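# Structure at a glance
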Amino acid sequence: MARFAVELVFGDNQDERMAVRPAHREYLATLVERGVLLVSGPYADQSGALLVYEVADEAELRDVLAADPYTPAGVVKETRVHEWQALMGVWLG
């Protein structure tokens, strides 16, 4: 398994993003239940969000991101993906 830190950068389309956010959060909840999404949340200034996924590889991550309601809605300005090597923390189990 691999861990990926994904940064979502929001644009100026807050109304459109807020309309899709309930579906986005429901989708994320299913990923948490499956153990795919380890942690997520928006930045305090609402300029974007950070999410950490645990998946088999980048191809699986791309599928997970494509299925997020934010993707077809086009409400994310930029998605930055980095494979991440977590060293310390309470949820590294």
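Placed above this text is the structure.
So, here's what we can say about the structure. This structure is a prediction, so every number in the text was calculated from the model and none was measured.

How each quantity is defined
- Residues numbered from 1 in each chain as written.
- Predicted model: local features only at pLDDT ≥ 70, side-chain atom pairs only at ≥ 80, totals over all residues.
- Heavy atoms only, no water.
- Pairing = 2+ DSSP bridges.
- Helix = DSSP H or I, 4+ residues; strand = E, 2+ residues; numbered from the N terminus.
- Axes fitted to C-alpha atoms, helices over the stretch in contact; angles between N-to-C directions.
- Contact = heavy atoms within 4.5 Å.
- Salt bridge = Lys/Arg side-chain N within 4 Å of Asp/Glu carboxyl O.
- Buried < 20%, exposed > 50% of the residue type's maximum accessible area, 1.4 Å probe, protein only.
- Core = buried A, V, L, I, M, F, W, Y, C linked by side-chain atoms within 4.5 Å.
- Phe/Tyr/Trp six-rings, centres within 6.5 Å; stacked < 30°, edge-to-face > 60°.
- Lys NZ or Arg CZ within 6 Å of the ring centre and 35° of its normal.

Pairing in this open sheet of four strands is antiparallel, and the strands run β2-β3-β1-β4 from one edge to the other. Two strands bound the open sheet, and with one partner strand each, they are β2 (37-42) and β4 (76-84). With strand direction ignored, the average angle separating the axes of adjacent strands in the sheet is 15°. Where helix α1 (residues 14-34) meets the sheet, its contacts fall on β1 (2-10), β2 and β3 (48-55), and the angle it forms with β2 comes to roughly 160°.

Let us look at the pattern of salt bridges. Per the stated rule, a full pass over the model turns up four salt bridges. The closest approach of N and O atoms between E54 and R3, which form a salt bridge, is 3.2 Å. Of this pair, E54 sits in strand β3 while R3 sits in strand β1, and the two are 51 residues apart along the sequence. Note on R3: relative accessible area 15%, which makes it buried. When the shortest N-O distance is used, the salt bridge between E78 and R80 registers 3.1 Å. Relative accessible area serves as the criterion here: at 34%, E78 is assigned to the partly exposed category.

Here we come to the nonpolar core. Where a protein is soluble and globular, its nonpolar side chains tend to be buried together. V6, L31, Y53 and L61 are the most contacted members of the largest nonpolar core, which has 21 residues in total. For this core, the elements supplying multiple residues, two or more each, are β1, α1, β3 and α2 (58-67). In terms of residue count, β1 provides more of this core than any other element does, five residues in total. Dropping the residues within four chain positions of it, L31 is found in contact with V36, L37, Y53 and V64.

Within this structure, the stated rule accounts for one aromatic pair. Centroid distance F10 to Y70: 6.3 Å. Interplanar angle 90°. Geometry classified as edge-to-face. With a gap of 60 residues between them, F10 in strand β1 and Y70 in helix α3 (residues 70-73) connect regions that are remote in the sequence. A relative accessible area of 9% places F10 in the buried class. With a relative accessible area of 4%, Y70 lands in the buried category. Seen from the ring of F10, R17 lies directly overhead, with NZ or CZ sitting 3.8 Å from the centre.

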